[in-house]
Amino acid sequence: MARQKELALYRNIGIIAHIDAGKTTTTERVLYYTGRKHQIIDVHDTKDGKSSTTTDYLEQEKKRGITIQSAAVSTEWKGYHINLIDTPGHVDFTIEVNRSLRVLDGAVVVFDGVAGVEPQTETNWRLADQYNVPRMCYVNKMDRIGANFAHCVKGIRERLGANALLCQIPLGSQDEFVGMVDLVAGAAYVWQSSDKDSEWEVVPLDQVRARFKFTVTRDDEWMDRLPQLRKELIESALAMDDDAFMHYVETGEFDQMKLKECIRIGAVSGKLIPVLCGSSFKNKGVQQLLDAVVDYLPYPGENGGISMVDLDGNIIGKQEVRDDAPVRALAFKVINDQFGTLTFTRIYSGVIKKGDTMMNVTRGKKERVGRIVEVQANTTKDIDEVRAGDICAFVSMKDTETGDSLTDLQHPVLLERMRFPDPVISVSVEAKTRDDIDKMSAALYKMAKADPSLRLNVDPETGETVLRGMGELHLEITIDRMRSELGVEANMGKPKVSFREAFGNRVDHIYTHKKQTGGSGQYAEVKMVFEPGEPGTGVVFVDEVVGGRIPREFIPSVEFAVKTESRAGQIAGYEVLDFKARLIDGKYHDVDSSALAFEIAGRHCFREAHRMSKPRLLEPMMRIEVVTESEFLGDVIGDMNRRRGQVTDQGTKGMQAFVHGFVPLAEMFGYINYLRSATRGRGTFTMEFNNYSEVPAGLVDKLMEKEAK
Ligand SMILES: Nc1nc2c(ncn2[C@@H]2O[C@H](COP(=O)(O)OP(=O)(O)OP(=O)(O)O)[C@@H](O)[C@H]2O)c(=O)[nH]1
Ligand SMILES: [Mg+2]
């Protein structure tokens, strides 16, 4: 079958933002206005569990009114095929944003018009930077009391460092918000009402000032500046094309099509960030947002091909997004639900048909494509083939996991990797009844497979099951979902910090493993140097053995031993981060040496060396933002200092005050209760992992004692 729609008519777009900015609400409107559904459901109306928005369909999502997992929908707008992924805003579910951005071509960043740039907006923005995803901004909730477009734009420019291109200016705010000025078209759109089917009237730009007066001074001032703002927009956009720019400077004229084309060039290359506004809840601006998505965000491959890498992650080339090329695809999400295993995959090049066999290059295994489906939130439709630019799910793949590269059999190559966030908090989990014990392991294993930010450890000695995740909410929801979706009841222990360990000093160490049992013995000797590495460098093993002092075939055993043994350090069994292990010499015996003997020697060498190095304990440092009334700020800061925190910035945000800083996670359990009582219930906070930092020497014993309880 030939391609049904040319690539230029595709948009794969994510909606990203801080929690509650209105992503799901906007997605509902998109589905309504593009004719995909006939009824809009509001997020706050689903708590009784009777109705659901299209993308927040999980029981826990309905109940809590928040998005937990990203959900994909596809739709058509003015002849364009749009795949849209609604992502969660809560910091505990960052993995969902991470994996979506990895495979999308563009993003709409949604802002709460009152709050402006919030912590998770910043985090998601940086993720989009990392994955090089072009984006535009949508300042939502202009109907809320305190909505302030200027404040939001300032945040976009200053905190996100974006070259914001104001394409729209709101007409009023709060209950005076009636629409927006489109500086590109040179006209204003004015809605008659907040009804979802309300029409908008088009008002020429030169009539806007005379027609609108707003009671909020800053809203009114925007109206005075419209001619100047339009000029600025035209100049910034035309700067993308020298000829058009010169022509404009000389004659004051420009072509409307050219203007849009220039904005597109700027947006696709990331040089310009178009800024729009609206109120999704009050049904204003969503159609214009869709127009901007097709006008300014890239089609698959427009922004360059997909990077291919070698085993060490170094880029070795780019694959253009084309049908007539080898198959290159990336699995970005694996879920197990009533349809079985669904492997969500983004196809970058080539064509994949039902019945084909693919290569999972990451795992070195073949995968047969049994069924291919197009996914609409929680429903699926079978299709026969997928092509460059598509997003689909494969049914019942056996070995493929999140982040794996899939290709055809003839052209195996790895694609650029996905980065997963590090879980910083852990709880022990216990099945409620004896019957649930086995079921629980299987269920948690399944859930951890689907969520790379969730890790499962079973202590071989005590049998204790420990779950590590991104935050208290993440772990709580995991246990809730296990009960509601998989029917397994479990109790959760007290959340604990997931500490890490590191080498204190360089250690040179020799370990000899020698054992004589009856007949053949065991013999291996390794000489190793362990050196602490810079944060983020991981565990690096270097083989520096020369002259066959250790036979080649035994060296991987030493590497394996060091890497597995480093999962449990010598202070208290936490993973050891960032060190270099150099194997420099050793001895072997013709008869008694074996892979196992070298593995044992490697393990002991690591253990002893780590103990000798004056190991350091590392704790997760969190970046925190607290927002509260100014009168409580002093107390909040005082408390933060008592928690070994460090304040980096404070100020006002609309009518409230904020403080930013760093705090050790170990001091933050139950913080919400403190904040509620200290601010009479009005303070809110968000925090997320920033880095691992050394626990002050005097505190190690105290913290470890507390953890042991
Ligand atoms: N006043 C007003 N409220 C809005 C608007 N858009 C969304 N809301 C409300 O804000 C709340 C959060 O909306 P959601 O759409 O769930 O926000 P979200 O960004 O999807 O949130 P998470 O997925 O949990 O991160 C809901 O109560 C919405 O009704 C808006 O334009 N104006
Ligand atoms: Mg949502």
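What you are looking at is a predicted structure, and each value in this text was computed from that prediction instead of being measured.

In this section: the overall build of the protein chain. A tally of regular secondary structure across the protein chain gives 18 helices and 38 strands. Its C-alpha atoms give the protein chain a radius of gyration of 28 Å, near enough to 27 Å, the size a compact globule of 709 residues would have. Overall, the protein chain is about 100 × 65 × 60 Å in size when its C-alpha atoms are taken along their principal axes. Counting only residues that meet the buried cut, the protein chain has 56% of its 709 residues in that class. Long-range contacts, defined as pairs at least 24 residues apart, comprise 71% of the intrachain contacts of the protein chain with a sequence gap of at least 6. With the model as given, the accessible surface of the protein chain reaches about 30700 Å², and the carbon-plus-sulfur share is 49%. The distance from the centre of the 92 positive side-chain charges to the centre of the 106 negative ones in the protein chain is 3 Å.

Its 13 residues place the ends of helix α10 (residues 256-268) 18 Å apart at the C-alpha level, agreeing with the 18 Å of an ideal helix rising 1.5 Å per residue. Regarding α10, the residues found buried are Leu 259, Cys 262, Ile 263, Arg 264, Gly 266, Ala 267 and Val 268. Turning to α10, the residues buried within the fold contact β1 (10-16), β6 (164-166), α8 (226-238), β11 (273-277) and α11 (286-296). Where α10 begins, the capping side chain belongs to Asp 255, and its oxygen is found 3.3 Å from the backbone nitrogen of Met 257.

The magnesium ion (ligand 2) binds to the protein through Thr 24 (OG1) and Thr 67 (OG1); the donor distances cover 1.9 to 2.0 Å. One end of the pair, Thr 24, is in helix α1 (residues 23-33); the other, Thr 67, is in the loop between α2 (59-64) and β2 (71-77), and 43 residues separate them in sequence. Look at Thr 24 and you get buried, because its relative accessible area is 6%.

Moving on, we get to the sheet that holds β1. Spatially, seven strands are ordered β2-β3-β1-β4-β5-β11-β6 in an open sheet, and the strand pairing comes out mixed. At either end of the open sheet lies a strand with only one pairing partner, and these are β2 and β6. Sheet twist, expressed as the average angle between the axes of neighbouring strands with direction ignored, equals 30°. Relative to strand β4 (residues 106-112), β1 is paired through four bridges, and the arrangement is parallel. Along β4, the bridge assignment pairs Ile 16 with Val 109.

Turning to the packing of aromatic side chains, a few remarks are in order. Summed over the entire model, instances satisfying the criterion amount to 18 aromatic pairs. Aromatic pair Phe 554 and Phe 598: ring centres 5.1 Å apart, planes at 20°, arrangement stacked. Taken together, the positions of Phe 554 in the loop between β33 (539-543) and α14 (555-565) and Phe 598 in helix α15 (residues 595-612) put the pair 44 residues apart, joining distant regions of the chain. An aromatic cluster is built from Phe 503, Phe 530, Phe 579 and Phe 606, whose rings are joined through pairwise contacts. We note Arg 3 situated over the ring of Tyr 10; from NZ or CZ to the ring centre the distance is 5.7 Å.

This part takes up the pattern of salt bridges. Scanning the model with the defined rule gives 60 salt bridges in all. Between Glu 122 and Arg 126 there is a salt bridge, with its nearest N and O atoms 3.9 Å apart. On the criterion of helical spacing, the pair formed by Glu 122 and Arg 126 is a turn pair, its members being four residues apart in helix α4 (residues 119-130). In this structure Glu 122 comes out as buried when scored by relative accessible area, which is 14%. A salt bridge links Arg 264 to Glu 302, with the nearest nitrogen and oxygen atoms 2.6 Å apart. Taken as a pair, Arg 264 in helix α10 and Glu 302 in the loop between α11 and β12 (306-309) lie far apart in primary sequence, 38 residues in all.

Okay, the site of ligand 1 next. For ligand 1, the set of nearby residues contains 20 residues, the closest of which are Lys 23, Thr 24, Thr 25, Thr 67 and Asp 143. One nitrogen or oxygen atom from the main chain of Ala 21 is found 3.2 Å from an oxygen atom belonging to ligand 1. Residue Gly 22 places a main-chain N or O atom 2.9 Å away from an oxygen atom belonging to ligand 1. In isolation ligand 1 exposes 640 Å². Once the protein is present, 91% of that is buried. Per-element tally for the shell around ligand 1: the top contributor is α1, with three residues.

The biggest cluster of nonpolar side chains holds 110 residues, and the ones touching the most others in it are Phe 149 and Ile 169. By residue number, the principal contributor to this core is α11, which donates seven residues. The residues contacting Ile 169, other than those within four sequence positions of it, are Phe 149, Met 180, Val 181, Leu 183, Trp 222, Met 223, Leu 226, Leu 229 and Cys 277. Listed in part, the 48 residues of the second largest apolar core include Ala 502, Tyr 574, Val 659 and Tyr 692.

To continue, consider the pairing of β1. Counting buried positions along β1 gives seven out of seven residues, so the element sits mostly inside the fold. Here β1 shows a buried face lined by Tyr 10, Asn 12, Gly 14 and Ile 16 and a second buried face lined by Arg 11, Ile 13 and Ile 15. Note: β1 against strand β3 (residues 80-86), six bridges, orientation parallel. Across the sheet, residue Arg 11 finds its bridge partner in β3, namely Ile 82.

Below, the discussion takes up the sheet that holds strand β22 (residues 391-395). If you walk across this open sheet you meet the eight strands as β18-β17-β23-β14-β15-β22-β19-β20, and the pairing is antiparallel. Every other strand in the sheet has two partners, leaving β18 (365-368) and β20 (379-383) as the edge strands with one partner each. When the angles between neighbouring strand axes are averaged without regard to direction, this sheet yields 40°. As defined by bridge partners, strand β19 (residues 371-376) adjoins β22 across three bridges and the pair is classed as antiparallel.

Tracing the backbone through its elements, the reader meets Asn 283 in the loop between β11 and α11. For Asn 283, the side chain forms a polar contact with the side chain of Arg 29, separated by 2.9 Å. When near neighbours in sequence (up to four residues on either side) are disregarded, Asn 283 contacts Arg 29, Tyr 33, Ile 40, Trp 191, Ser 194, Asp 195 and Lys 196.

By the element assignment, Thr 75 lies in strand β2. Look at Thr 75 and you get buried, because its relative accessible area is 1%. Within the structure, the side chain of Thr 75 is placed 2.6 Å from the side chain of Thr 34, a separation counted as a polar contact. Beyond its immediate stretch of four places on either side in the chain, Thr 75 contacts Val 30, Thr 34, Arg 36, Tyr 80, His 81 and Ile 82.

Criteria and thresholds
Residues numbered from 1 in each chain as written. Chains lettered and ligands numbered in written order. Predicted model: local features only at pLDDT ≥ 70, side-chain atom pairs only at ≥ 80, totals over all residues. Heavy atoms only, no water. Helix = DSSP H or I, 4+ residues; strand = E, 2+ residues; numbered from the N terminus. Rg over C-alpha atoms; globule rule 2.2 N^0.38 Å. Buried < 20%, exposed > 50% of the residue type's maximum accessible area, 1.4 Å probe, protein only. Contact = heavy atoms within 4.5 Å. Areas by Shrake-Rupley, 256 points an atom, 1.4 Å probe, with all protein chains shown as cover. Lys, Arg positive; Asp, Glu negative; His and termini not counted. Charge placed at Lys NZ, Arg CZ, Asp CG, Glu CD. Expected span 1.5 Å × (residues − 1). Polar contact = N/O pair within 3.5 Å; in protein donor to acceptor, adjacent residues only side chain to side chain. Donors = N, O, S within 2.8 Å, 3.2 Å for Na, K, Ca; no water. Pairing = 2+ DSSP bridges. Axes fitted to C-alpha atoms, helices over the stretch in contact; angles between N-to-C directions. Phe/Tyr/Trp six-rings, centres within 6.5 Å; stacked < 30°, edge-to-face > 60°. Lys NZ or Arg CZ within 6 Å of the ring centre and 35° of its normal. Salt bridge = Lys/Arg side-chain N within 4 Å of Asp/Glu carboxyl O. Near = heavy atom within 4 Å. Core = buried A, V, L, I, M, F, W, Y, C linked by side-chain atoms within 4.5 Å.

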